[in-house]
Amino acid sequence: MDVLEKLKILADAAKYDAACTSSGLERKGAGFAMGSSRDFGICHSFAGDGRCISLLKVLMTNYCSFDCAYCVNRRSNLTRRTAFTPRELADLTWQFYRRNYIEGLFLSSAVWKSPDYTSEQMLKVLELLRYEYRFGGYIHVKVIPGTDPVLVERMGTLADRISVNIELPSSGSLQKLAPDKSKENILLPMKQIQYKIKENRQGRGRFGGIQPVGKQKNLVDGAAGSRNDFLLKEDPLQSNAGKAVTEGRVLFGESFVSPQRCLEGSNTYASQPVDTKLFQKPWKKGGRTFAPAGQSTQMIVGASPESDRQILQLTEGLYHRYQMKRVFYSAYIPVMEDNRLPSREMVPPLWREHRLYQADWLLRFYGFTASELLDEKNQQLHPYLDPKCHWALRHPELFPVEVNRAPFDELLRVPGIGTESAYRIVRARKMCSLTWDGVKNIGVVLKRARYFLLCKGRSYPFLSRNRNEFLLAMMSPRERALFHRQERNWFQPTLFNDFEDSAGRAEMIDLKKDRNLWLSAPVLSDRQKEALLCVRIPVFG
């Protein structure tokens, strides 16, 4: 099988990994290596159907010794199997970069023979790119649960971002659908990665802590040394900690070896000799050489019965305990037939995935907690209202908010006001008291926010109290399109009713004045009525 045929198979198998995000790392080309990285520069991925690519997203192999029920590459599935050699994948990445097809590499893999063996093959790819090709672009690598900590540490020093997939939101679902994996094998590398990132930010560690004394302070004892001395502070994860590394001598495994020999014979999972200067990582600045873009994880939504509340509570714990950069949510796509999984006729819960990303954004940037967004009575996110708007409608006692006096944190919780709009309001009201026209002039969009704000004690002029208009204002165009599409799916036309005329009349119904007529509207399903009945219109002023 030639390389292009392997690429077609393994790139298609990698499409279920969610990694289409910005790099989160700013690094300019420095002349020592070719390639750079920008904070928001990588937003696409490679696909076998010819879509635009900025990130070569590919598997090392789809040979797998695990039998996860939800995975298309599982051991019991009949599919074409193949594997890249490290040289093939490194050369392919380099050729794609030279042709300006890609900006970086996303490398994952099925579990080939064992987690350690697979990780060694992936590590060879990273070493070829960094040392032989001197590739300085963005690299995101997936760690396989159960990998030896030494391999995880070495991969983290060569990659920009490193991640371990948590896959399922609970240990019970993991044991049921992925019996070869365990909670401990997933959380242990996460904890190690978190520890090494924190350690290297402080200038310590076996790899990231190696700093020239002439450029940084001696973090061991504060003493001055020669310009070529390198210092190493104690690393509790390693057995031979606390030893100093001098010029031309680097610590690998159990003994000290020279850089020229470490990749030839001393290290069993390396391949090519390199120059001494390359161990100083010239393509990385500031000494933060272990996963400078942080770590992330991914979980599958819809394959197991966990509620949105359970998923958000787990997400909140991952952000606080493991300092995750991102938690990705992947809607389960029924590609496998298994009695432990939902039916293959099930529609992938893409809208639920979208709502979880919205709630995740509120957790990261708006100061919300999982217990605020969802409680025991509300276990699922609202199908037609975004989480922030749904939270505001369930807490009418907190609104309206006075624009000229409300703190920044309270403004952030107003539906329709984001961080930029809140900053503009805070800056503008230092000069003068804001009016409704003044709020518009500084660029704040009031389509939703006008229902929850006061300016100088006055509500928005000519504010409509029509329930239909209020609900349409709370929905985005995509949400309204989904709502109307659901209406068309549930409406049963007859010979005596005109579909368009009935749908048009239903949209003009004043839901506040005539509740009984609204409940009897033929275009609304029982689920829609139940979902919209829980929405209370706030009446302020």
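Described below are features of the structure shown in this document. (Residues numbered from 1 in each chain as written. Predicted model: local features only at pLDDT ≥ 70, side-chain atom pairs only at ≥ 80, totals over all residues. Heavy atoms only, no water.)

## Focus: the pattern of salt bridges
Under the counting rule described, the total for this entry stands at 18 salt bridges. For the salt bridge of Arg74 with Asp338, the shortest nitrogen-to-oxygen distance reads 3.3 Å. Residue Arg74 is located in the loop between strand 1 (55-59) and helix 2 (86-98), and its partner Asp338 is located in the loop between strand 8 (326-331) and helix 9 (350-365); the two are separated by 264 residues in the primary sequence. We classify Arg74 as buried; its relative accessible area is 8%. On the basis of relative accessible area, Asp338 is assigned to the buried category, the value being 15%. Between Asp338 and Arg340 there is a salt bridge, with its nearest N and O atoms 3.0 Å apart. Taken together, the shared-partner salt bridges in this structure form one network comprising Arg74, Asp338 and Arg340. (Salt bridge = Lys/Arg side-chain N within 4 Å of Asp/Glu carboxyl O. Helix = DSSP H or I, 4+ residues; strand = E, 2+ residues; numbered from the N terminus. Buried < 20%, exposed > 50% of the residue type's maximum accessible area, 1.4 Å probe, protein only.)

## Side note on the sheet that holds strand 2 (residues 104-108)
Spatial ordering of the open sheet is given by 1-2-3-4-7-8, a layout of 6 strands whose pairing is parallel. Every other strand in the sheet has two partners, leaving strand 1 and strand 8 as the edge strands with one partner each. Ignoring strand direction, the axes of neighbouring strands in this sheet form an average angle of 20°. Across 6 bridges, strand 7 (residues 295-301) lies against strand 8 in parallel orientation. Residue Val301 lies in a different strand from strand 8, and its bridge partner there is Ala331. (Pairing = 2+ DSSP bridges. Axes fitted to C-alpha atoms, helices over the stretch in contact; angles between N-to-C directions.)

## Description of the packing of helix 6 (residues 183-201) against helix 8 (residues 308-322)
When two helices pack together, their arrangement is given by the angle between the helix axes and the distance between those axes. Running from N to C, helix 6 and helix 8 point in directions that differ by 40°, and their axes come no closer than 10 Å. Viewed along their axes, helix 6 and helix 8 adopt a mutual orientation that is oblique. On helix 8, the residues touching Leu187, Met190, Lys191 and Gln194 of helix 6 are Leu318, Arg321 and Tyr322. Classifying every residue of the contact of helix 6 with helix 8 gives 4 nonpolar, 1 polar and 2 charged. (Parallel < 35°, antiparallel > 145°, perpendicular 65-115°, else oblique. Contact = heavy atoms within 4.5 Å. Nonpolar A, V, L, I, M, F, W, Y, C, P; charged D, E, K, R; others polar.)

## Section: the pairing of strand 1
Most of strand 1 sits inside the fold, with 5 of its 5 residues counted as buried. A two-sided burial pattern is seen for strand 1, the buried positions comprising Leu55, Lys57 and Leu59 on one face and Leu56 and Val58 on the other. Crossover handedness for the path strand 1 to helix 2 to strand 2: right-handed. (Right-handed = clockwise from strand over helix to strand, strands pointing away.)

## A few points about the side chain of Asp67
Relative to the elements of secondary structure, Asp67 occurs in the loop between strand 1 and helix 2. Nearest to the buried, unbridged Asp67 among oppositely charged side chains is Arg74, at 4.0 Å. Apart from the residues lying within four places of it in its own chain, the contact partners of Asp67 are Arg74, Arg75, Ser76, Leu177, Pro179 and Asp180. (Lys, Arg positive; Asp, Glu negative; His and termini not counted.)

## What about helix 3 (residues 115-132)?
Along its 18 residues, helix 3 runs 25 Å from first to last C-alpha, staying within 8% of the 26 Å computed at 1.5 Å per residue. Among the 18 residues that make up helix 3, 13 are buried, leaving the element largely enclosed by the rest of the structure. The first or second residue beyond helix 3 is Arg134, which carries a positive phi of 55°. (Expected span 1.5 Å × (residues − 1).)

## Comments concerning the environment of Arg309
Within the secondary structure layout, Arg309 lies in helix 8. Here Arg309 falls in the buried class, since its relative accessible area comes to 19%. Sequence separation between Arg309 and Leu374 is 65 residues; the distance between their C-alpha atoms is 5.7 Å. Excluding anything up to four places from it in sequence, Arg309 contacts Leu374, Asp375, Glu376 and Gln379.

## Brief notes about the packing of aromatic side chains
Counted under the stated rule, the structure contains 14 aromatic pairs. Ring plane angle 25° and centroid distance 6.1 Å describe the contact between Tyr63 and Trp112, whose orientation is recorded as stacked. Of this pair, Tyr63 sits in the loop between strand 1 and helix 2 while Trp112 sits in the loop between strand 2 and helix 3; the two residues are 49 residues apart in sequence, bridging distant segments of the chain. Between Trp112 and Tyr117 the ring centres are 5.5 Å apart and the planes differ by 85°, which places this aromatic pair in the edge-to-face class. Here the aromatic cluster, defined as three or more aromatic residues joined through ring pairs, consists of Trp94, Tyr97, Tyr133 and Phe135. Above the ring of Tyr117, the side-chain terminus of Lys113 is found at 4.5 Å from the ring centroid. Sitting over the ring of Tyr460, Arg450 keeps its end group 5.7 Å from the ring centre. (Phe/Tyr/Trp six-rings, centres within 6.5 Å; stacked < 30°, edge-to-face > 60°. Lys NZ or Arg CZ within 6 Å of the ring centre and 35° of its normal.)

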